Amino acid sequence: MHSLTRALPFVSSARVNTRVTEILTATAIWDRIPDVRTAREHLRSMLPAESPSA
């Protein structure tokens, strides 16, 4: 997750953003582990903000 977090700002891809969302969903069960929680927070912070629906 840390490597992906470092690379994410350099990639503009809906497919990658979808995969990151899948990773965040799949790792939610480990959110009580401090290292995993920190990694998830960093990864989540690198996702682009969702645009509001029209």
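Each value, and the rule that gives it
- Residues numbered from 1 in each chain as written.
- Predicted model: local features only at pLDDT ≥ 70, side-chain atom pairs only at ≥ 80, totals over all residues.
- Heavy atoms only, no water.
- Helix = DSSP H or I, 4+ residues; strand = E, 2+ residues; numbered from the N terminus.
- Buried < 20%, exposed > 50% of the residue type's maximum accessible area, 1.4 Å probe, protein only.
- Contact = heavy atoms within 4.5 Å.
- Areas by Shrake-Rupley, 256 points an atom, 1.4 Å probe, with all protein chains shown as cover.
- Lys, Arg positive; Asp, Glu negative; His and termini not counted.
- Charge placed at Lys NZ, Arg CZ, Asp CG, Glu CD.
- Axes fitted to C-alpha atoms, helices over the stretch in contact; angles between N-to-C directions.
- Parallel < 35°, antiparallel > 145°, perpendicular 65-115°, else oblique.
- Left-handed = near helix turned anticlockwise from the far one by under 90°.
- Nonpolar A, V, L, I, M, F, W, Y, C, P; charged D, E, K, R; others polar.
- Core = buried A, V, L, I, M, F, W, Y, C linked by side-chain atoms within 4.5 Å.
- Patch = residues over 30% accessible without salt bridge, like charges linked within 9 Å, V, L, I, M, F, W, Y side chains within 5 Å.
- Salt bridge = Lys/Arg side-chain N within 4 Å of Asp/Glu carboxyl O.

Student: For this particular structure, what's the right way to read the overall build of the chain?
Tutor: Each helix and strand in the chain was counted, giving three helices and zero strands. Mapped from its N terminus to its C terminus, the chain presents α and β elements in the order α-α-α. Expressed as lengths along the three principal axes of its C-alpha atoms, the size of the chain is roughly 35 × 25 × 15 Å. In the chain, buried positions account for 20% of the 54 residues. Long-range pairs, those at least 24 residues apart, make up 51% of the contacts in the chain with a sequence separation of at least 6. Entry remark: accessible area of the chain is about 4,400 Å², with carbon and sulfur atoms responsible for 57%. The averaged location of the 5 negative side-chain charges in the chain is 3 Å from the averaged location of its 7 positive side-chain charges.

Student: Can you walk me through the packing of helix 2 (residues 14-26) against helix 3 (residues 34-46) in this structure?
Tutor: The angle between the axes and the distance between the axes are what describe a pair of packed helices. Where helix 2 contacts helix 3, the two axes come as close as 10 Å, and the packing angle between them is 155 degrees. It follows that helix 2 is roughly antiparallel to helix 3 by the angle criterion. Helix 2 and helix 3 meet at a crossing whose hand is left-handed. Together, Val20, Ile23 and Leu24 of helix 2 and Arg40, Leu43 and Arg44 of helix 3 make up the contact between the two elements. Among the residues forming the contact of helix 2 with helix 3, the class breakdown is four nonpolar, no polar and two charged.

Student: Help me out: how do you make sense of the nonpolar core in this one?
Tutor: Here is a general trend for soluble globular proteins: nonpolar side chains tend to be buried in one another's company. Leu8, Val20, Ile23, Leu24 and Leu43 together form the largest nonpolar core, which totals five residues. Per element, the largest residue contribution to this core is three residues, and it comes from helix 2.

Student: So what exactly am I meant to see when it comes to a nonpolar patch on the surface here?
Tutor: A surface patch of nonpolar side chains, about 340 Å² in accessible area, is lined by Ile29, Trp30 and Ile33. The residue Ile33 is located in the loop between helix 2 and helix 3 in this model.

Function cannot be inferred from these measures alone, as they are strictly geometric.
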